[in-house]
Amino acid sequence: MTEYFRVNVSSATSVPVFNEWGDQKAEIDMQLPGNLLAEADSVERARMGVMKMQVPLAKLPITSMSIDTDRSSPSSNYVKLNGYITVIPGFPSQNAISPTPPTHPVWNWSSTWTQNWNVSQLETRVHHINGAEIGISPTVFEIRKGYHEFRTTMELFKTIETAINNAISQNVDTTAVPWFGSIPQVRLRVNSDNIISIDVYPTEGVYTMPAHSLVNQDNILSYTHDPTSDEKTPYPAGDGNVFSSYTICVSSSVANVLPSLPWIKRKNFLANWPADEEYMWMLDTEQAYLSFQPDGFQMVVPYTSLWKYGTIVTYNFPESDAIEMTDIESIILVMNGTAFNQQVFPVNFTPSSAVAAQIGTIPIIEVYYPAWDKPSDKTSTLIVKRDEFSNTAPININPSLLKERTIKFKLFYITSKGEMREILIPRESPFSFQIAFELTRRT
């Protein structure tokens, strides 16, 4: 005789579990006063499957990047990442064949420029700076962990933007051209249609812009305005001495984080490029569709009464897809404290142990492959619903499991590199699911 029964499990009715910083884990310790099932001794065969599940994903990171542990200072609130960015004068199509010498007066020019060209290393603020004191600094904690999780697209983009802007400021000759103080602002964003765009705010006397055939000193409108006389004076994009185009170059780790952007792979020619990076990846901004926003920004010219107005240039990459930024391949539900036929799943293995990965087992009862359409889906709630028990690929279990009194359930996510990491959930947002059991009793 075959019969079914269901067990509903929720973190809302169990003692919450927190990590060192007070973040709640997606973990449930189920303590039962009696057997899961009355008359369990009469069960001859049993199978189980997850029918429903609800998991809040607001704390799931968008992606992660390894930390440069040798260059990161434990006393700092920031860690250096194994990612590098620079800008090379000229167009990507030209630089892909041979590097363009920076002979334009905007750039710091020397005959040995490839030996002393500045490369910017990605750096980001660690999490939990204002967290609970646990006897170890947040920076040391992340350095030991070896990677930094970017919780949001904005956090990732800010880190990349800062590196691009630093690369520009480090390689521009501020003594040879007019200068207003800070460098042109490059900002990345995700549009409502999920494509990635780069907004460039040429707010200074130096007009260094990502290379594109439609961007030149004649179509970047800019002027200063004197409010006392209402006089408007064009400034100074039309001056070829202060306008130059450049190519954004990144290391493989940055290109891998943004895989849907059009990258050109090129052999490295810079002495300051990381030694373990044989190639650099050039962003083909010539493939972008442009939009211009005249008078899109305004700023006060330092030490004057003048206001400056300028055009925001947006580089839209129509074939990009922001959801490709995430390195989360799957979400797994693990059950400890019981015996059953475990799934084979190659996680936390290195290439040298690939053979062992084929026989490694962990106590997984379900694997989910999220079908996200946009980055914001990742911060929503994962809902699983199955109506037919046979559609759950039920697991054969030992009937003795029905007598267990202590069972732990836990959620992890698996990265594209096969690493298994804990999932955190927002407080007061319960993680819950339903397990169905198919029982065959002795006749």
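Heads up: the structure comes first, above all this text.
Below or above, wherever it landed, is the structure these notes cover. Source: prediction; values computed, not measured.

## Details of the side chain of H148
Here is step 1 of the chain: Topologically, H148 is positioned in strand β8 (residues 147–150).
Here is step 2 of the chain: Side-chain polar atoms of H148 contact the side chain of E142, separated by 2.8 Å.
Here is step 3 of the chain: Once you skip the residues sitting within four places of it in the chain, H148 turns out to touch T63, S64, M65, I67, L81, T124, R125, V126, H127, E142 and E155.

## Concerning the nonpolar core
Nonpolar side chains tend to gather and get buried jointly when the protein is soluble and globular.
Here is step 1 of the chain: Ranked by size, the top nonpolar core spans 59 residues in total, and within it I85, I160, L258, L270 and Y315 carry the most contacts.
Here is step 2 of the chain: Per-element accounting of this core gives the leading share, seven residues, to helix α4 (residues 153–171).
Here is step 3 of the chain: Apart from the residues within four sequence positions on either side, L270 is in contact with T86, I88, W113, T114, W117, V119 and M280.
Here is step 4 of the chain: Counting residues in hydrophobic clusters, the runner-up holds 40 residues, among them A26, I28, A46 and I365.

## Side note on the environment of W372
Here is step 1 of the chain: Within the secondary structure layout, W372 lies in the loop between β22 (364–368) and β23 (381–385).
Here is step 2 of the chain: Taking C-alpha positions, W372 is 9.9 Å from T326, a pair spaced 46 residues apart along the chain.
Here is step 3 of the chain: Discounting chain neighbours no more than four positions away, the residues touching W372 are L57, L60, I323, T326, I328, D377 and K378.

## Structural notes on empty space enclosed by the protein
Here is step 1 of the chain: Enumeration according to the criterion identifies three cavities of 30 Å³ or more in this entry.
Here is step 2 of the chain: Considered as a void within the structure, the largest cavity measures approximately 60 Å³ in volume.
Here is step 3 of the chain: Lining the largest cavity, in full, are I160, I164, L188, I198, I248, V250, V254, L258, L261, W263 and L283.
Here is step 4 of the chain: Elements represented by at least two residues in the lining of the largest cavity include exactly α4 and β14 (243–250).

Thresholds applied
Residues numbered from 1 in each chain as written. Predicted model: local features only at pLDDT ≥ 70, side-chain atom pairs only at ≥ 80, totals over all residues. Heavy atoms only, no water. Helix = DSSP H or I, 4+ residues; strand = E, 2+ residues; numbered from the N terminus. Polar contact = N/O pair within 3.5 Å; in protein donor to acceptor, adjacent residues only side chain to side chain. Contact = heavy atoms within 4.5 Å. Core = buried A, V, L, I, M, F, W, Y, C linked by side-chain atoms within 4.5 Å. Buried < 20%, exposed > 50% of the residue type's maximum accessible area, 1.4 Å probe, protein only. 1 Å grid on protein atoms, 1.4 Å probe; cavity = no way out; pocket = protein on both sides within 12 Å on 5 of 7 lines; lining within 4 Å. Points joined across faces, edges and corners; volume = space filled by probe spheres on them.

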